[in-house]
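Report on the structure
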Protein chains: 2
Amino acid sequence: MNAPDKFASLLALTREPFPASTKSYLAGSQPGLRVPVRDIQLTNGEVVSVYDTSGPYTDPAVQIDVRKGLASVRGEWIAARGDTEGYEGRVRKALDDGQKAEDGDRLAQLRAEAAALQRQPLRARSGANVTQMHYAKKGIVTPEMEYVALRENGRREWMQQYMQDAAREQRLAGNPLGASIPKIITPEFVRDEVARGRAIIPANINHPEVEPMAIGRNFKVKINANIGNSAVTSSIEEEVEKLVWAIRWGADNVMDLSTGKNIHTTRDWIVRNSPVPIGTVPIYQALEKVGGIAEDLTWEIFRDTLIEQAEQGVDYFTIHAGVRLAYIQLTAARRTGIVSRGGSIMAKWCMAHHKESFLYTHFEDICDIMKAYDVAFSLGDGLRPGCASDANDEAQFAELHTLGELTQIAWKHDVQTMIEGPGHVPMHMIQANMTEQLKTCHEAPFYTLGPLTIDIAPGYDHIASAIGAAMIGWMGTAMLCYVTPKEHLGLPDRDDVKQGIIAYKIAAHAADVAKGHPGARARDDALSQARFDFRWQDQFNLGLDPDTAKEYHDETLPKDSAKVAHFCSMCGPKFCSMKITQEVREFAQQGLQSKAEEFNRTGGELYVPIHRAD
Amino acid sequence: MNAPDKFASLLALTREPFPASTKSYLAGSQPGLRVPVRDIQLTNGEVVSVYDTSGPYTDPAVQIDVRKGLASVRGEWIAARGDTEGYEGRVRKALDDGQKAEDGDRLAQLRAEAAALQRQPLRARSGANVTQMHYAKKGIVTPEMEYVALRENGRREWMQQYMQDAAREQRLAGNPLGASIPKIITPEFVRDEVARGRAIIPANINHPEVEPMAIGRNFKVKINANIGNSAVTSSIEEEVEKLVWAIRWGADNVMDLSTGKNIHTTRDWIVRNSPVPIGTVPIYQALEKVGGIAEDLTWEIFRDTLIEQAEQGVDYFTIHAGVRLAYIQLTAARRTGIVSRGGSIMAKWCMAHHKESFLYTHFEDICDIMKAYDVAFSLGDGLRPGCASDANDEAQFAELHTLGELTQIAWKHDVQTMIEGPGHVPMHMIQANMTEQLKTCHEAPFYTLGPLTIDIAPGYDHIASAIGAAMIGWMGTAMLCYVTPKEHLGLPDRDDVKQGIIAYKIAAHAADVAKGHPGARARDDALSQARFDFRWQDQFNLGLDPDTAKEYHDETLPKDSAKVAHFCSMCGPKFCSMKITQEVREFAQQGLQSKAEEFNRTGGELYVPIHRAD
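Residues numbered from 1 in each chain as written. Chains lettered and ligands numbered in written order. Predicted model: local features only at pLDDT ≥ 70, side-chain atom pairs only at ≥ 80, totals over all residues. Heavy atoms only, no water.

Quick notes on the packing of helix H10 (residues 282–289) of chain A against helix H11 (residues 299–312) of chain A
All names here are of chain A. Where H10 contacts H11, the axes come no closer than 9 Å and their chain directions differ by 125°. Classified by the angle between their axes, H10 and H11 sit oblique to one another. Note that H10 runs across H11; the crossing there is right-handed. Only Ile 301, Phe 302, Asp 304, Thr 305, Leu 306, Glu 308 and Gln 309 of H11 make contact with H10, whose side of the interface consists of Pro 282, Ile 283, Gln 285, Ala 286 and Lys 289. Among the residues making up the contact of H10 with H11, the classes are represented as six nonpolar, three polar and three charged. (Axes fitted to C-alpha atoms, helices over the stretch in contact; angles between N-to-C directions. Helix = DSSP H or I, 4+ residues; strand = E, 2+ residues; numbered from the N terminus. Parallel < 35°, antiparallel > 145°, perpendicular 65-115°, else oblique. Left-handed = near helix turned anticlockwise from the far one by under 90°. Contact = heavy atoms within 4.5 Å. Nonpolar A, V, L, I, M, F, W, Y, C, P; charged D, E, K, R; others polar.)

Re unusual backbone geometry
Most peptide bonds take the trans configuration, and most residues that are not glycine carry a negative phi. Residue and element names in this part refer to chain A. Put simply, Gly 450 and Pro 451 share a cis peptide bond, and its omega is 10°. Structurally, Pro 451 is set in strand E14 (residues 446–452). Even without being a glycine, Asp 374 presents a positive backbone phi close to 55°. Looking at the element boundaries, Asp 374 is found in the loop between helix H15 (363–373) and strand E12 (376–379). Even without glycine at this site, Asn 392 takes up a positive phi of about 55°. Inspection of the secondary structure assignment puts Asn 392 in the loop between E12 and helix H16 (394–412). By relative accessible area, which is 10% here, Asn 392 ends up buried. (Buried < 20%, exposed > 50% of the residue type's maximum accessible area, 1.4 Å probe, protein only.)

Notes on the domain arrangement of chain A
Residues and elements named next belong to chain A. Taken domain by domain, chain A consists of domain 1 (11–58 + 60–153 + 199–517) and domain 2 (522–590). Once you take the C-alpha centre of each, domain 1 and domain 2 turn out to be 40 Å apart. Facing 18 residues of domain 1, the contacting portion of domain 2 comprises 12 residues. Interface area, domain 1 with domain 2, both sides summed: about 1,200 Å², of which 62% is carbon and sulfur. Together, Pro 19, Leu 42 and Thr 43 form the three largest contributors to the area buried by domain 1 at its contact with domain 2, with a combined 28%. Here domain 1 is connected to domain 2 by one salt bridge. Salt-bridge contacts for Asp 545 lead to Lys 498; the nearest nitrogen and oxygen are separated by 3.0 Å. For the interface between domain 1 and domain 2, the tally reads three residue pairs in polar contact (both at pLDDT 80 or more). Counting only elements with at least two residues in the side of domain 1 that touches domain 2, the list comes to strand E2 (34–41), strand E3 (47–51) and helix H19 (494–515). Take the side of domain 1 that touches domain 2: its biggest share by element is six residues, from H19. Class assignment of the residues belonging to the side of domain 1 that touches domain 2 gives a composition of 11 nonpolar, four polar and three charged. (Domains from an automatic or database assignment. Buried area = accessible area lost by both parts, 1.4 Å probe. Salt bridge = Lys/Arg side-chain N within 4 Å of Asp/Glu carboxyl O. Polar contact = N/O pair within 3.5 Å; in protein donor to acceptor, adjacent residues only side chain to side chain.)

Some details on the packing of H10(A) against helix H13 (residues 341–353) of chain A
Residue and element names in this part refer to chain A. Between H10 and H13, whose axes approach to 9 Å, the crossing angle comes to 50°. The angle between the axes of H10 and H13 places the two elements in the oblique class. In the packing of H10 onto H13, the handedness of the crossing is left-handed. The segment H10 lies against H13, with Ile 283, Tyr 284 and Leu 287 engaging Arg 341, Gly 342, Ile 345 and Met 346. In terms of residue class, the contact of H10 with H13 is built from five nonpolar, one polar and one charged.

Some points on the sheet that holds strand E11 (residues 316–319) of chain B
Residue and element names in this part refer to chain B. Ordered in space as E8-E9-E10-E11-E12-E13-E14-E15, the eight strands form a closed barrel in which the pairing is parallel. Averaged over all pairs of adjacent strands, the angle between their axes in this sheet comes to 25°, without regard to strand direction. Where helix H11 (residues 299–312) meets the sheet, its contacts fall on strand E10 (278–280) and E11, and the angle it forms with E11 comes to roughly 155°. Against the sheet, helix H17 (residues 430–440) touches strand E13 (417–424) and strand E14 (446–452), its axis set at about 170° to E14. (Pairing = 2+ DSSP bridges.)

Here's the deal with the packing of aromatic side chains
Per the stated rule, a full pass over the model turns up 22 aromatic pairs over all chains. Here the aromatic rings of Tyr316(B) and Tyr447(B) are separated by 6.5 Å at their centres, their planes lie at 90°, and the arrangement is edge-to-face. On the criterion of sequence distance, the pair formed by Tyr316(B) in strand E11 and Tyr447(B) in strand E14 is long-range, its members being 131 residues apart. In this structure, Tyr316(B) and Tyr447(B) share a single accessibility class: buried. Look at Trp536(B) and Phe540(B): their rings are 6.3 Å apart centre to centre, the planes differ by 40°, and that puts the pair in the tilted class. Taken together, the residues Trp536(B) and Phe540(B), both in helix H21 (residues 536–542) and four residues apart, mark about one turn of the helix. There is no split in this pair, since Trp536(B) and Phe540(B) are both buried. Site record: aromatic cluster; members linked through ring pairs are Trp299(A), Phe302(A), Trp349(A) and Phe358(A). Between Arg341(A) and the ring centre of Tyr284(A), over which it is positioned, the NZ or CZ distance is 4.2 Å. (Phe/Tyr/Trp six-rings, centres within 6.5 Å; stacked < 30°, edge-to-face > 60°. Lys NZ or Arg CZ within 6 Å of the ring centre and 35° of its normal.)

Laid out in structure tokens, this is it:
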């Protein structure tokens, strides 16, 4: 079938609610403030409520038309602040899509549709600063901050028992390693974290569709998924569907890394249809505009690209302002040199002109643009290591120190800022990255790729990197950039995106549990209780991927009856240790009648174990 | 097709040598002592040599007939020690296979074939002790110890550059966290590690086919794969093929966890065809012999089962002697109780008789059997936690302390011993396990399942547990018991076994790299260099799974030409950062002619980066 049909049928699929799940909303202090959660109905009558990144797509009550885009969430809040103004915006150019006149009808049509999506751009009124950090520093608690507080807390009723256990037992408290996570997140706490730069809420005033979320070490660890067309391998519709698919499985943020033609049009579609913050690397598009010739890049072209994307509603920009002329030589002795695309582009520019990077020299000019739209910085790690033997070298840390300086300049302008990090870093060298980042970047949120702990796992780098990601997340990284099984090998397809996201949800949750994030462990406890009670459906539905869990169980025991069976396929009914312990329980009963107090102690309390072969 | 045909075709598949790989052998001090390595031929003329667990199956020069079994490796060494004697052995009973008279022809045939496999059993001459630990304590360096030393060192020529780097740069040295790993492993070092109980060489005198390997914190971290038929789901041939498949992908040890009928016959086939040590849980078979009624178990039946399996050549026994009567009550308050099958069996026995476990009271009698065949103890963790909220509780550590006492009793008899551990343990609670084990078990090798760091990933527990496995491996665990994607859900099939093994090879290698194991990092460096040089085939072939890496690359760039292309599918030729940096290099050249010394410094040394989207 042709692209649009394929797209429509895929989207229908990704809109299906999760099994036994209902989308519901936590009410805030004003009518428009509704925070989504996913309530999972268990067979024992309990309801477990989990953080929900999937947006309106999993709400059957919402009509979705990707050609119209999503409804606004923040429009009224932005307007109510009265510090923005609508304007006609920058004039659209064919070059924005890398196009010339002779382009086909199909593209013209897509562009027309994208134009229909376009909202009138907003910017700060002259002299105003519309960043969440600016409001926070002025002591204002925005609806975005309240939204984040409700979202981080989630529905607390169902986790009472766990919260009590945690209070009772230090053993369950976790080890925050320097994070200070309150039991209940208040809007004021969010404001304070944003004001001191320890958290950001990526929320461009031109992306009112976004459901606000926070990135910071004292909040749940978040994950980012990269999508983006490349050459002619994927259609615009496929990119939008990839976005919807990514947030279904739990991506908190999505970066659009599109290159080649139609970048602008693709971005319109993605932003207008995204309930999660969208990040980009503007230098990619700027390079397209100069025909891929890095030395032809100019500040003016880059600046124009920033405004173009800020008007579209991109929530954060990766900017490699730390790749300074003097640092390039530090990479010469490396095994794999510069592996960051943006880093290599800027290295070439610096070499060609033998001048300091214009991203560095114009950094304050960039801040002026960021604060007019509330675009957050993701200060790029253009010199991150591309293999274990380049990890933690002079080049990497020299850039990190510069990112620390730039953070303070950004904060002077009240521009929200996070710092990009790792790449390939063996386990024993991970802590040094976190320690150095906290010290030199003043606790600005760390946003790391992996790290990949080994280099010999092509095809499985989502696993090699999930190990490093879980560890650095525990140590304090606020957002983990996912790695798919195709890393180093090819473009991730739909299933690769899912595999990468699930691996990173595991890493992020393992970090939340280790940090003792309130309620993080409650979901584990609910699932383990279901496992112990042989409530198979509940066990599947409480997992990160109910479909796959059920499918695997079906492979050995397909019958529905097996979904309530008190044994599993590993031993079959006869040998099940559960059966054995039921008998232990019977002995215990007799013991209660006939025997002494030990039996009571030892037997009276016995339970049904789950099966596991040792 | 029927089972034997399917088996034959699968086995043919698993016998294929790895791409660009040759099996070769390192020569020891005597003719029969040849240690296998896999040499990977690179396109640039280099040869990278890696540790090889696959045995004769990947040696095209070797004729394999699973109905005859593998050739003996250790026969002469055992005979030369002159401390063993052949004997007719225990009389085979139908009950050994859980069979009655009316069994079908097919089984009778299988049993006959298995009988044909049977070697005459050996045992220690009266008064003799034939364990590697006994020889080690007497100062004898056995051929098995020399074999292990050569195997751990591998072919060192190819890793010279890395070894020099490591010498030059502390930064590459790793952080052993208390391990003391020499640059070169000598046979004497192996002897000393075995003598002090810090390492074991599982090598039953009735398993001469085994290629000796060591389990200890100062050697490479090893992994174990579990196989085993269950109910009637798998045939004996399938179990043997699963063994060959498991060692192909890197399983250092395999445990046969078969239950139900044909246990004895299955085990004959597995041991006779296995070049890696085989472990079992004898209580499973003992329980079969008493019709699955735990309270009918007796010391006599268990003892007879130990001898039966020792004569077959099982290299280590999991024995849950630490599940003491008094500890059962400690599990009563747990969320998931006792999740170990062996643990629940013994708990039931103790409850039923209200007596101390016969495994505990007869521990020295068990030692007498172990030392007559050199079967190693794997002291079972019958009380390991089955969920995060039961981690590190009183029950778990009470058992661990008892395992420490038993270790000293085993060592008194010179019986090789390792300790089983974890299960479900959040990241922040992992170190306590390792610390407690090192302290209470006197550095006896730790052998852990995972640990699983979270409970909410059914279908992906190989990833949730690889995170914990990598960490505890770095901290000092000597062998990691794999977890497959089917954990908690069903029986692993062929692909699940592979997925579990690859995830655990990643964890084990990440641990070796972090500990600074000499040469561990050399393979990463070779692969990263190939990646940097765009030697795609070398990148695939140096990976843990060349087939999958190539397949993923083919999905986007199928052509062979792409395998030498200086770009990858992520940006395509036009945008490749490699192309960009080639141009940087050209600038640098001009710089050398026309410009000052900075250009020389910055440009003269430039290189080709690999691509990675940021």
